[in-house]
Amino acid sequence: CRLGQIQKSIETHFGGHDRRALLYRPSSFSETELRLHQHILTQHRYTVVIAEERLEAGLGPRLLEKGDLGSWDLLICLSSRKAGGKPCISKEDMCLLGLHQKVNILPEIQHQLCRKEGLCQIIRRFPELRLPVSPSVCLDQSIQSKPSTSSHLLKAVKPHMWKPWDWRREQLNQTTVLAPHDTIFRTEELSVILKAYVLVTSLSPLRAFIHSTGTVWNPPKKKRFTVKLQTFFETFLTASSPLQAFDNMKEAISKLLLAAEAFSETSTRGPKAFRGCRLCFQLLTFDIGYYSFRHPVVLQVHEHLHFHDDDNEDFEDQSTEEFLLQDTYNFLFSNESSLPMFSEIFQGLYQSGVFKGENYQKEPNQCLSLEEMHSIMTFIQELGNLQQFQLLFPSTTPGIQSLIREFYGIASPIDQPGSALTQSWSLLSVFEQFQLLNKKAQLHPLEWNSFTEDENTEKSQVPLNATENKKDDTQCYIKQILTHPRLELNPEFNPKIKDYYSEVPFDVVTVTIGAETSKCQCKVYLHDRARPSFANYPLGLGMNKISMLVVDESPAQGETLITYKLTIYREDRPSLPLFEDFTACGFVQDCGLLIHPEESCGLQPISSDYIEAISRPELKICPSGDTTGQWIVPCLSCSDARTCDWRAVTWQPLDCRHAVLSRPELRRCLRGRKILFIGDSTNRGIMYYLIERLNDTLQEWQKVHGTRSYPNVNGGKTPVSYSYYPQFWMSPALRPTFETALEHLLQRSRPLENTAQTVLVVGGVQWLNANHLQIIHKVLKRENLLNILVIIKTLGIGFHLPVDGLHFLTQSEVQNLWKENVIILDAAKTYGYEVVDTFTITMGRYKEFLQGTCGCHFHEVVKSELPREYHFIKVKQSRNHIVGKYFSNQSKLQQRQQDSVTNFQSPYHVRGPINQVCSEILLSRICAGGRTA
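Residues numbered from 1 in each chain as written. Predicted model: local features only at pLDDT ≥ 70, side-chain atom pairs only at ≥ 80, totals over all residues. Heavy atoms only, no water.

## Looking at the sheet that holds strand S15 (residues 535–538)
Okay, so step 1: In space, the three strands of this open sheet follow the order S11-S13-S15, with antiparallel pairing throughout. For this open sheet the edge positions go to strand S11 (478–484) and S15, each flanked by a neighbour on one side alone. Across the sheet, the axes of successive neighbouring strands diverge by a mean angle of 30 degrees, strand direction being ignored.
Okay, so step 2: Alignment of S11 against strand S13 (residues 510–517), held across six bridges, turns out to be antiparallel. Within S13, the residue paired with Gln 480 across the bridge is Glu 516. (Pairing = 2+ DSSP bridges. Helix = DSSP H or I, 4+ residues; strand = E, 2+ residues; numbered from the N terminus. Axes fitted to C-alpha atoms, helices over the stretch in contact; angles between N-to-C directions.)

Right, here's the structure in full:
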């Protein structure tokens, strides 16, 4: 009954009646965009009225006058493309807004963040905080003086000097300072600009959300494209920790929003204080610059959706704008009631003491004003309808929480009931309570709406917070997750929370995972019912996703109750950027996995004389793909691998070089040839690399486990076909033999020439042996194809980790594998076949495997939404000129290879530097007979 009274009171004060939306259209606003807004608002049952811009400022007549423009619930001020446009709504009208009226403008934010003088004023007022704003915003300001030395941040703000409602360009006060010249960056120095879209639904207290999609702008290439932020930070920014990189960006944005809130708070004190529109909101675009991928710097804040500085939007911009607006309006205008959740959250917070104190009473309608209750209920509604948005502020990040106290300089929030600080802490408590009560809360910092992926399956599952007629002790759930080594879960484990994230360093290659359930008949399985409940799991570089299924195995149940998800990010090898004093170090095998115990392991110094010898332009082309070689990497010290720049590591044959073909050369070499691959996923990775290298794009990709043809390679001039072998999932009695699989591939690929125009690539991680080469010769002889070019990709490192359900090779078995590899190489040469010795290449970098249980994959196919040139590094010249020249030349060769796969419009990209080395050697062997050095 009391909840119903609260709901009725809130609807009376804040609820709209007519659902009438007013679209204010500037003269420069396009008809297409206008219709887009009108269409989406109509979908949300708004009656839309369009108001055209008048010659005088704003809408002309006062918005709140009785008449056609008076009875509206929502005002959408469409942004003018012209600089210095007139404001859509006047100061007077904003002061007279009804409690139910919403406007898509927050004037304080527009003034302080969306104007250069406002941004400049912020960084000058808060020099102690080192706000992440580009100093270039102050370049056109003429006033210079010493920075403020005030210890209390808000004491530096003089409310009577700052006029938030002065829409004219104001003079900055005297507590300002310009950044030193050496900190001013030029646009051409930018590695990338990321446009992040932030929706602010309240300024005081601050509530802000960030969309999952951003726009990437590459200044040197003048290219832009949309990208998921998760993909940007996980894959393309190449940060050591994508979670930390993402948090850094969120902290940069939050700092500026907090500064705007602080100004707003100081301007609303006193008897004549103006309290802004409580239901107003604004969708902003933050331009975030990355200089050589250092910490983010805010370059500009736009008061609307912004894609580029030109007036002309292309089709991609229009498509991006459409789904961003659709997502924004769906988020803002959800009809789901938050009242039941509000009641449950309030009771939890009251019991924990959040709403207790001399200023609060127990009953909800006594301890909180209607305005405060409406704010909390709106926040709960937003949390329950995040969709493609993620909560930006309030934030549980420790850095952000400490910033709140710094901005306001108040030791205890309870001392100031009703202040923005107090309300911010209250909202944070609401969010934490929401996480515990709502199993669909956004808990993973890098995943948006991860629960929707299981929406279909969860409909048939029993929810963890069971219905009222079931008790908790009748359900199955996980009481605790057990891991070795111990993982720090984010958030902390709670049986009602099902999504977790953790990070491990490079050297952690496996993790043991188990769980304790609530009842004896409850069982936990990793991934599926066939997997054990307590097992070792391999951790490839990057993201590893592990599912834990909770199953009630009692006769009456026998169904999956819930799925817990754990995402573990394994960091790249520790690395330092190149310094002037770097030297060259080489290695063949890692000391953690000795293949040749009698030989040295780990990094060994390389003499300058040797580096000079292999750097000569006349260095000969290697005669085969198994020429002895080693990995060479620049380091400060060969005794500490952490001092190396592993981005610059390169495979170097002993006294020769493998030819590196440009794309035009490769296309000419392979024109008119047919290339046939037979083997497992390691061979498939090389095939996809070849296709992307030739086509400048990878349009399709799948984990093929059968036979597949690719006729459109190299403009249709180089057909490629592939057959997966061995089909290990079949029983031995039904499994096709290698001879049968090879014959089938040849028949599917005909007609075939009995010349080097037909290329057969055979290889696998560990199933291949010398007997298979004998079978190849027998089949080719029978098919009259003995003159074709055959290339054997030899064995590789893998299955060296103790993983449940897979055969595990001991160190002696791995050493025997090397001996088998030598036998294969000798047999191949006996038959006149070319070879690529992948075992020697992979054994020294056995820890750098990617996703997969075998630990044998050194490639992965990823969605490609960002140019690969961001992976390249500029090699500094060492004081040792010979060493510096070598690594500089290697960087240019790598650039030459990757010039063939830098098409950012390609749907997919084959990633993996070790797979790239093996693939390039294969290409050099295919083309060895038809080209010279």
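And the narrative resumes.
## Looking at the packing of helix H17 (residues 681–695) against helix H23 (residues 913–926)
Okay, so step 1: For the pair H17 and H23, the least separation of the axes is 9 Å and the interaxial angle reads 70 degrees. Taken together, the axis directions place H17 and H23 in an arrangement best described as roughly perpendicular. Here the hand of the crossing between H17 and H23 comes out right-handed. Note on element contacts: H23 touches H17 through Asn 915, Gln 916, Cys 918, Ser 919, Glu 920, Leu 922 and Leu 923, opposite Thr 682, Gly 685, Ile 686, Tyr 689, Leu 690 and Arg 693.
Okay, so step 2: A per-class count over the contact of H17 with H23 returns six nonpolar, five polar and two charged. (Parallel < 35°, antiparallel > 145°, perpendicular 65-115°, else oblique. Left-handed = near helix turned anticlockwise from the far one by under 90°. Contact = heavy atoms within 4.5 Å. Nonpolar A, V, L, I, M, F, W, Y, C, P; charged D, E, K, R; others polar.)

## Brief notes about the sheet that holds strand S19 (residues 604–605)
Neighbouring strands of a sheet are bound in pairs by backbone hydrogen bonds; such pairs are parallel or else antiparallel.
Okay, so step 1: One open sheet accounts for four strands, arranged S19-S18-S20-S21; its pairing is antiparallel. Of all strands in the sheet, those with a lone pairing partner are S19 and strand S21 (650–653), marking the two edges.
Okay, so step 2: Examined bridge by bridge, strand S18 (residues 583–587) and S19 share two bridges and lie antiparallel to one another. Of the residues in S19, the one forming a bridge with Gly 586 is Gln 604.

## A closer look at the packing of helix H18 (residues 738–749) against helix H19 (residues 770–782)
The description of two helices packed together rests on the angle between their axes and the distance between the axes.
Okay, so step 1: At a minimum axis separation of 10 Å, H18 and H19 run at an interaxial angle of 40 degrees. The angle between the axes of H18 and H19 places the two elements in the oblique class. Between H18 and H19 the crossing geometry is right-handed. Residue-level contacts link Phe 738, Glu 739, Leu 742, Glu 743 and Leu 746 of H18 to His 772, Ile 775, Ile 776, Lys 778, Val 779, Leu 780 and Arg 782 of H19.
Okay, so step 2: The residue inventory of the contact of H18 with H19, partitioned by class, reads seven nonpolar, one polar and four charged.

## Concerning the state of the cysteines
Each disulfide consists of one covalent bond between the sulfur atoms belonging to two cysteines.
Okay, so step 1: If you walk through the whole model with that rule in mind, you get seven disulfides.
Okay, so step 2: In this model, Cys 585 is linked to Cys 638 through a disulfide, with the two sulfur atoms separated by 1.9 Å. On the sign convention where negative means left-handed, the S-S torsion of about -90 degrees between Cys 585 and Cys 638 marks this disulfide as left-handed. Separated by 53 residues along the polypeptide, Cys 585 in strand S18 and Cys 638 in the loop between strand S20 (629–635) and S21 bring together distant segments of the chain. (Disulfide = S-S within 2.5 Å.)

## Section: the pattern of salt bridges
Okay, so step 1: The tally for this structure, following the rule as stated, stands at 21 salt bridges.
Okay, so step 2: The salt bridge involving Lys 479 is made with Glu 516; its shortest N-O contact spans 3.7 Å. With Lys 479 in strand S11 and Glu 516 in strand S13, this residue pair connects regions lying 37 residues apart in the sequence.
Okay, so step 3: Of the residues examined, Lys 479 reaches a relative accessible area of 44% and is grouped as partly exposed. (Salt bridge = Lys/Arg side-chain N within 4 Å of Asp/Glu carboxyl O. Buried < 20%, exposed > 50% of the residue type's maximum accessible area, 1.4 Å probe, protein only.)

## Topic: the packing of aromatic side chains
Okay, so step 1: Inspection of the entire model under this criterion finds 15 aromatic pairs.
Okay, so step 2: Where Tyr 688 meets Tyr 710, the ring centres are 6.0 Å apart and the plane angle is 80 degrees; that geometry is what we call edge-to-face. One end of the pair, Tyr 688, is in helix H17; the other, Tyr 710, is in strand S23 (residues 707–710), with 22 residues separating them in the sequence.
Okay, so step 3: Given a relative accessible area of 1%, Tyr 688 falls into the buried group.
Okay, so step 4: Ring plane angle 45 degrees and centroid distance 5.8 Å describe the contact between Phe 738 and Trp 767, whose orientation is recorded as tilted. Remark: Trp 767 occurs in the loop between strand S25 (758–763) and H19 and Phe 738 occurs in helix H18; sequence separation between them is 29 residues. (Phe/Tyr/Trp six-rings, centres within 6.5 Å; stacked < 30°, edge-to-face > 60°.)

Shape is all these values report; function is a separate question.
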